[in-house]
Amino acid sequence: MKDILGIGRTRAYEYVKKVYEDKAPFRVIKVGNNYRIIKSSFDNWLDGSMQDIS
């Protein structure tokens, strides 16, 4: 994710935590102390974001 978005590791973790708390723009679940990104949800969000740029 950090490579796709072009951000550092710390910023990626901060963003994922924010997405988890906000419940948007894609799905994230928390398992213990770990955050898991639902790939299909992330891909759909990314595809939509890229269409907005075009």
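Higher on the page you've got the structure.
Notes on the structure follow.

Procedures and definitions
- Each chain carries its own residue numbering, running from 1 in the direction its sequence is written.
- In keeping with the model being predicted, local features are shown solely for residues with a pLDDT of at least 70 and side-chain atom pairs are shown and tallied solely at 80 or more, while totals for entire chains, interfaces and linings include all residues.
- Computation of side-chain values: all heavy atoms of the structure, hydrogens and water removed.
- Note on conventions: DSSP H or I runs of at least 4 residues are helices, E runs of at least 2 residues are strands, and numbering of each starts at the N terminus.
- Helix span is expected to be 1.5 Å times the residue number reduced by one.
- Think of it in three bands: residues with accessible area under 20% of the maximum for their type are buried, residues over 50% are exposed, and the middle band is partly exposed, with areas taken using a 1.4 Å probe on protein chains only.
- Note: the arc covers the axis-to-C-beta directions of the helix.
- Basic side-chain nitrogens of Lys or Arg form a salt bridge, by our definition, when they fall within 4 Å of a carboxyl oxygen of Asp or Glu.

Here helix H2 (residues 9-22) spans 20 Å end to end across 14 residues, near enough to the 20 Å set by a 1.5 Å rise per residue. All buried positions along H2 are accounted for by Ala 12, Tyr 15, Val 16 and Val 19. Viewed along the axis of H2, the buried residues span an arc of 100°, placing them on a single side of the element. Seen from the buried face of H2, the exposed residues on the opposite side, beyond 90 degrees, are Thr 10, Tyr 13 and Glu 21.

Attention now moves to the pattern of salt bridges. A complete count under the given rule lists three salt bridges for this structure. The partner of Lys 2 in a salt bridge is Asp 3, with the nearest N and O atoms 3.5 Å apart. We classify Asp 3 as exposed; its relative accessible area is 67%. Lys 18 is the salt-bridge partner of Asp 22, the closest N and O atoms lying 2.6 Å from each other. Taken as a pair, Asp 22 and Lys 18 lie in helix H2 at a separation of four residues, close to a single helical turn. In this structure Asp 22 comes out as partly exposed when scored by relative accessible area, which is 42%.

None of this, on its own, says anything about what the molecule does.
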